[in-house]
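# Geometric and topological summary
Here are the chains, one letter per residue:
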Amino acid sequence: MWGNDKDRDEVPARSPKATNTVDTLIGRQTVITGDVAFTGGLHVDGKVKGKVMAESDKNAVLSVSESGTIEGDVRVPHIVLNGSIEGDVHADQRITLSAKAKVNGNVYYRLIEMTSGAMVNGQMVHEGAAEDKVAPLPDRAGDGAADPEEHSRAAGTLFDASREKKTSL
């Protein structure tokens, strides 16, 4: 009751390993044409025309302010977006879409936080751990006809048509 933190179910704002410092700042009046590769923290107030990638840094954080824009694909573990991105976004760990966030492209994420007002014009695809991914069904060699029973067995379940109950009006 009094100060017992064990009973609270809180989700931390970001991974404890994620950096909370800004190592690189792209100012409001700055336009960068070309790909940007960084480590640590990158804050964008200006415009980047190219890809933005974190170079093998699992703790890297990209933050884009309301005035910031990126025209290109983004591949960063931790993203805090309040500006706009024209391109696909890959957040290996966490993405936070604030109220003014706009994404024209697909968003690939592990953990997402989306505030009312944020817009995504594209698909939102959850990418969990490797064990969460489903293996594709094997193709049948030969005639190419789809057999629901065979595909069901391959997926780990057996379709039994005799169990299906049909009703008519």
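For the structure itself, consult the block above.
Calculation notes
- Residues numbered from 1 in each chain as written.
- Predicted model: local features only at pLDDT ≥ 70, side-chain atom pairs only at ≥ 80, totals over all residues.
- Heavy atoms only, no water.
- Helix = DSSP H or I, 4+ residues; strand = E, 2+ residues; numbered from the N terminus.
- Contact = heavy atoms within 4.5 Å.
- Pairing = 2+ DSSP bridges.
- Axes fitted to C-alpha atoms, helices over the stretch in contact; angles between N-to-C directions.
- Polar contact = N/O pair within 3.5 Å; in protein donor to acceptor, adjacent residues only side chain to side chain.

### Description of the environment of alanine 54
Among the secondary structure elements, alanine 54 is positioned in strand S6 (residues 52–54). Here the alpha-carbon distance between alanine 54 and proline 77, two residues 23 residues apart in the chain, equals 7.5 Å. The contact partners of alanine 54, leaving out residues within four places of it in the chain, are Phe38, Ala60, Arg75, Val76 and Pro77.

### What about the sheet that holds strand S5 (residues 47–49)?
The strand order across the open sheet formed by six strands is S2-S5-S8-S11-S13-S15, and the pairing between neighbours is parallel. Here the strands that pair on one side only, and so sit at the sheet edges, are strand S2 (31–33) and strand S15 (119–121). The average angle at which neighbouring strand axes cross in this sheet is 5°, direction not considered. Direction of pairing for S5 relative to strand S8 (residues 69–71): parallel, over a ladder of three bridges.

### Looking at the side chain of asparagine 106
Here asparagine 106 is to be found in the loop between strand S13 (102–104) and strand S14 (107–114). Looking at asparagine 106, its side chain comes within polar contact range of the side chain of tyrosine 108, at 3.5 Å. Excluding its chain neighbours within four sequence positions, the residues that come into contact with asparagine 106 are Gly87, Asp88, Val89, Gly122 and Gln123.

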